[in-house]
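# Structural overview for review
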Amino acid sequence: MSTDRPLLGAIEAGGTKFVLGVGFCSGEIIEQRQIATRDPETTLAETIAFFRAHPGLAAVGIGSFGPLERVVGHPRWGHILATPKPGWSDCDLAGTVARALAVPVAFDTDVNAAALAEARTGAAQDSAVSVYVTIGTGIGGGVIADGRIVGGKGHPELGHMRPRRGADDTDFAGVCPFHGDCLEGLASGPAIIARWGQSLSHLATDHPAHGIIAGYLAEMCNTLRAALAPDAIVLGGGVMGTPGLFERIVATAHGTDGGYFALSAAQVIRRPALAPVSGLAGAFELAADLL
């Protein structure tokens, strides 16, 4: 293998499935596989076996569900922290992979990985500052500035900001076990099902849920615009697959921003370009940054 074309491994580690890939910095994927997320021992053994079938890896990048310890040098770097996923709390995910394969490993959140990929090669590649938000089982976000992930000792938790409740929308307490009616507690997939009995995409197009959810997500976008002045806010995740939701969010953000920002809502709020593999693409970017 040529040293100027190193072989990389990538892992998008989700609570339901692990997506594994081997390929090159150019984005060329040689092999990709999806496995079910079971207990750590079983899941990581299958993951390691996949990569051992591709000798010569130069590095592996992991974008993982969390919460997790992403700070290099921290004693618990590479670990999943206290998670509701049974058996995974305190799992040394990155360390297990690094020791088994004897290669450098990069480790970050799955949403930070997706944000990095969309910023470098996807929908936000023209942006100095961008945000990627996934709206699905949870709501999470990653911030990229000048091609690098923004974060301190932790990582952004955009889903746990508290939106302003509408005067006619105060009955639902929200489903977040920590904050109740934070954004994730109100607008995530489980919140929608808990409130209306089915996913947003299965509710009639004239159901009030569509306007309520679009309103909360539009408020999130305008809050991000005020706080970070991003050139792009990329909205991904399963809930965003609802027909018409993206357009409602843009229209609502535009209608409530008072014309205050330098860029319009339509310029800033974007669909992902790399879906459904934004996270895996980001894991490759994490690995490439180690070289």
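Predicted model only: the values in this text are computed from it and were never measured.

### Let's talk about the packing of aromatic side chains
A full pass over the atoms with the stated rule returns 5 aromatic pairs. Look at F18 and W88: their rings are 5.8 Å apart centre to centre, the planes differ by 40 degrees, and that puts the pair in the tilted class. Of the two residues, F18 sits in strand β2 (residues 17-23) while W88 sits in the loop between β4 (57-64) and α2 (93-101), which places them 70 residues apart along the sequence. Since its relative accessible area comes to 0%, F18 is described here as buried.

### Some words on the sheet that holds β2
Across the sheet, 5 strands lie side by side as β3-β2-β1-β4-β5; this open sheet has mixed pairing. At either margin of the open sheet sits one strand with a lone partner, and together these are β3 (29-36) and β5 (105-109). Ignoring strand direction, the axes of neighbouring strands in this sheet form an average angle of 15 degrees. Two elements, strand β1 (residues 7-13) and β4, share 7 bridges in a ladder whose sense is parallel. Counted as the bridge partner of L8 is A59 from β4. Its contacts with the sheet put α2 on β1, β2, β4 and β5, and the angle it makes with β4 is roughly 165 degrees.

### A closer look at the pattern of salt bridges
Scanning the model with the defined rule gives 15 salt bridges in all. With its nearest N and O atoms 3.0 Å apart, the salt bridge here joins R120 to D289. Of this pair, R120 sits in helix α3 (residues 110-121) while D289 sits in the segment after α9 (278-288), placing them 169 residues apart in sequence. The partner of R195 in a salt bridge is D169, and the shortest N-O contact between them spans 2.1 Å. Residue R195 is located in helix α5 (residues 189-196), and its partner D169 is located in the loop between β8 (148-149) and α4 (183-187); the two are separated by 26 residues in the primary sequence. What you see here is one network of salt bridges that share partners, running through R120, R148, E285 and D289.

### Topic: the pairing of β1
Buried residues dominate β1, accounting for 6 of its 7 residues. Note that β1 and β2 share 6 bridges and pair antiparallel. Opposite L8, over in β2, you have G23 as the bridge partner. Counting the residues that bridge the hairpin from β1 to β2 gives 3 residues.

Thresholds, definitions, all that
Residues take numbers from 1 onward in each chain, read along the sequence in its written order. It should be noted that, the model being predicted, local features are given only for residues of pLDDT at least 70 and side-chain atom pairs only at 80 or more, the latter also being counted only at that level, while totals for whole chains, interfaces and linings use all residues. Excluding hydrogens and water, the side-chain values take into account all heavy atoms of the structure. By convention, a stacked pair of Phe, Tyr or Trp rings (six-membered ring in the case of Trp) has centres within 6.5 Å and planes under 30 degrees apart, an edge-to-face pair has planes over 60 apart, and any other such pair is tilted. Helix and strand assignments come from DSSP, with helices taken as H or I runs of at least 4 residues and strands as E runs of at least 2, each series counted from the N terminus. Residue exposure (1.4 Å probe, protein chains only): buried if accessible area is under 20% of the type maximum, exposed if over 50%, otherwise partly exposed. DSSP-based pairing: two strands are paired if at least 2 bridges between them are found. Think of each axis as a best-fit line through the C-alpha atoms, taken over the contacting stretch in the case of a helix, with angles from 0 to 180 degrees between the N-to-C directions. The contact definition used throughout considers only heavy atoms, calling two residues in contact when any of these lie within 4.5 Å. Take a side-chain nitrogen of Lys or Arg and a carboxyl oxygen of Asp or Glu: if they are within 4 Å of each other, that pair is a salt bridge.

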